[in-house]
Amino acid sequence: MAQSTTPMEDIAEALQPTTLEIHNDSHLHSHHKAMQDSTSKETHFRVIITSDAFKSKMQPARHRMVYALLKDELAREGGIHALQLKTRTSEEEDKLRENEAAGR
Amino acid sequence: MFSKRAFPSAFRAATRAARPLPSAATAPRFVTPFQVRLLSTEVRTAIDKAVASAPVVLFMKGTPETPQCGFSRATIQILGMQGVDPEKFTAFNVLEDNDLRQGIKEYSEWPTIPQLYLEKEFVGGCDIVMTMHQDGSLAKMLEEKGVVLPAEGETPSEPPQ
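Okay, so let's go over this structure. Everything numeric here is computed off the predicted structure, so don't read it as measured data. (Residues numbered from 1 in each chain as written. Chains lettered and ligands numbered in written order. Predicted model: local features only at pLDDT ≥ 70, side-chain atom pairs only at ≥ 80, totals over all residues. Heavy atoms only, no water.)

1. A word on the overall build of chain B
Here's step 1: Helix and strand content of chain B: six helices and four strands.
Here's step 2: Put simply, chain B runs from its N terminus to its C terminus through helices and strands in the order α-α-β-α-β-α-β-β-α-α.
Here's step 3: Sorting the 161 residues of chain B into buried and exposed places 46% on the buried side.
Here's step 4: Sequence-distant contacts, at least 24 apart, represent 71% of the contacts inside chain B between residues at least 6 apart. (Helix = DSSP H or I, 4+ residues; strand = E, 2+ residues; numbered from the N terminus. Buried < 20%, exposed > 50% of the residue type's maximum accessible area, 1.4 Å probe, protein only. Contact = heavy atoms within 4.5 Å.)

Structural data, given as structure tokens:
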């Protein structure tokens, strides 16, 4: 893969997501002890991915697919410290929407 | 909710098991940051033992009483709400041992803490435990493995603050 791609572009390329939400929550965690020596504003992320590449895969396997794409960022000193993931298939996303519409 | 008394003893047992992990000082070959860190046989064996030390094992930051990270805190709270039997549970504080902290990531092929194991099988991290808690599959799984306390007239209380 070309060096100029960003990790998020890698996700888009590899998983062809129908939904890709990336939330940078770093500011919420900047006071944490583990962050006291960090000046990075990109440490805590919350990512929601809907992709049919997750079909027939259990959650741990889905998360590992994403972790593999972000391997370098996660391993790098001062890189991503925490990554919250929601990994769904489009079918699961539809069901979730239905439930939300019905329940609330 | 977890009984306050059962936990510290469970945790001490855990830290004893983790102690044989070799310290970084005894493995000076691995000091360069650019080298790929390989999981040594000793660390792998120690983690094997840790994973097998109880039916429910959590690798976390801090202790069940004083978690040092919100994701570890959330996970321990969920296990408490599920009524996991403290006798069948062990927590390992990865902040106490850097070999464990790095080693568990490779061992589980999972880059973040906390990590939950049930009968030596990797279940997931905080997000997965949370999702499974919400959709009921965690309760089902824990029940099937017989690791929850029997509900005895005690109404489930609110999650510990």
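2. Observations regarding helix α1 (residues 7-15) of chain A
Residues and elements named next belong to chain A.
Here's step 1: For α1, the set of buried residues is Asp 10, Ile 11 and Leu 15. Along the axis of α1, the buried positions cluster into a sector of 100°, meaning they face one direction only.
Here's step 2: Check the buried side of α1 and you find it contacts β1 (19-24), β2 (44-50) and α3 (59-69). (Arc of directions from axis to C-beta.)

3. A closer look at the sheet that holds β2(A)
All names here are of chain A.
Here's step 1: Here we have three strands laid out as an open sheet, ordered β1-β2-β3, and mixed in their pairing. Strands with a single pairing partner mark the edges of an open sheet, and in this sheet they are β1 and β3 (82-88). Neighbouring strand axes in the sheet, compared pairwise and without regard to direction, differ in orientation by 10° on average.
Here's step 2: Here seven bridges tie β2 to β3, and the two strands are oriented parallel to one another. The residue bridging Arg 46 from the neighbouring strand is Gln 84, located in β3. (Pairing = 2+ DSSP bridges. Axes fitted to C-alpha atoms, helices over the stretch in contact; angles between N-to-C directions.)

4. Brief notes about the side chain of Thr19(A)
All names here are of chain A.
Here's step 1: The residue Thr 19 is located in strand β1 in this model.
Here's step 2: Judged by relative accessible area, Thr 19 falls into the buried class, the value being 16%.
Here's step 3: Engagement of the side chain of Thr 19 in a polar contact is seen with the side chain of Glu 93, the distance being 2.8 Å.
Here's step 4: Non-local contacts of Thr 19, meaning those with residues more than four positions away in its chain, are made with Ile 48, Ile 49, Thr 50 and Glu 93. (Polar contact = N/O pair within 3.5 Å; in protein donor to acceptor, adjacent residues only side chain to side chain.)

5. Considering the sheet that holds strand β2 (residues 89-93) of chain B
Residues and elements named next belong to chain B.
Here's step 1: The four strands are arranged β2-β1-β3-β4 in an open sheet whose pairing can be described as mixed. Each edge of the open sheet is held by one strand with a lone partner, namely β2 and β4 (121-124). Direction aside, neighbouring strands of the sheet carry axes that sit 25° apart on average.
Here's step 2: Sheet topology places strand β1 (residues 56-60) next to strand β3 (residues 115-118); four bridges connect them, and they run antiparallel. Across the sheet, residue Phe 59 finds its bridge partner in β3, namely Gln 115.

6. Some points on the pattern of salt bridges
Residue and element names in this part refer to chain A.
Here's step 1: Summed over all chains, the structure comprises six salt bridges over all chains.
Here's step 2: The salt bridge involving Arg 62 is made with Glu 92; its shortest N-O contact spans 2.9 Å. Residue Arg 62 is found in helix α3, and its partner Glu 92 is found in helix α5 (residues 90-103); the two are separated by 30 residues along the sequence.
Here's step 3: We classify Glu 92 as partly exposed; its relative accessible area is 33%.
Here's step 4: Glu 93 serves as the salt-bridge partner of Arg 97, at 3.8 Å between the closest nitrogen and oxygen. (Salt bridge = Lys/Arg side-chain N within 4 Å of Asp/Glu carboxyl O.)

7. Some thoughts on the packing of aromatic side chains
Here's step 1: Scanning all chains against the criterion turns up six aromatic pairs over all chains.
Here's step 2: Between Tyr67(A) and Trp110(B), the aromatic rings sit 4.8 Å apart at their centres with planes inclined by 85°, giving edge-to-face as the arrangement. Taken together, the residues Tyr67(A) in helix α3 and Trp110(B) in the loop between α4 (98-108) and β3 connect one chain to another. With respect to burial, Tyr67(A) and Trp110(B) carry one shared label: buried.
Here's step 3: Taking the centre distance of 5.5 Å and the plane angle of 70° together, the rings of Tyr117(B) and Phe122(B) count as edge-to-face. Like Phe122(B), Tyr117(B) is buried.
Here's step 4: Three or more aromatic residues joined by ring pairs form one cluster here, namely Tyr67(A), Phe59(B), Phe92(B), Tyr107(B), Trp110(B), Tyr117(B) and Phe122(B). (Phe/Tyr/Trp six-rings, centres within 6.5 Å; stacked < 30°, edge-to-face > 60°.)

8. Here we look at the side chain of Thr63(B)
Here's step 1: Residue position: Thr63(B) is located in the loop between β1 and α3 (70-81).
Here's step 2: Within the structure, the side chain of Thr63(B) is placed 2.9 Å from the side chain of Thr66(B), a separation counted as a polar contact.

9. As for empty space enclosed by the protein
Vacant regions in the atomic arrangement are exposed by a probe of water-molecule size rolled over the atoms.
Here's step 1: Counted under the stated rule, the structure contains one cavity of 30 Å³ or more.
Here's step 2: By volume, the largest cavity is sized at about 30 Å³.
Here's step 3: What lines the largest cavity is simply Asp25(A), His29(A), His44(A), Phe45(A), Ala82(A), Leu83(A), Gln84(A) and Phe71(B).
Here's step 4: Breaking the lining of the largest cavity down by element, the ones donating at least two residues are β2 and β3 of chain A. (1 Å grid on protein atoms, 1.4 Å probe; cavity = no way out; pocket = protein on both sides within 12 Å on 5 of 7 lines; lining within 4 Å. Points joined across faces, edges and corners; volume = space filled by probe spheres on them.)

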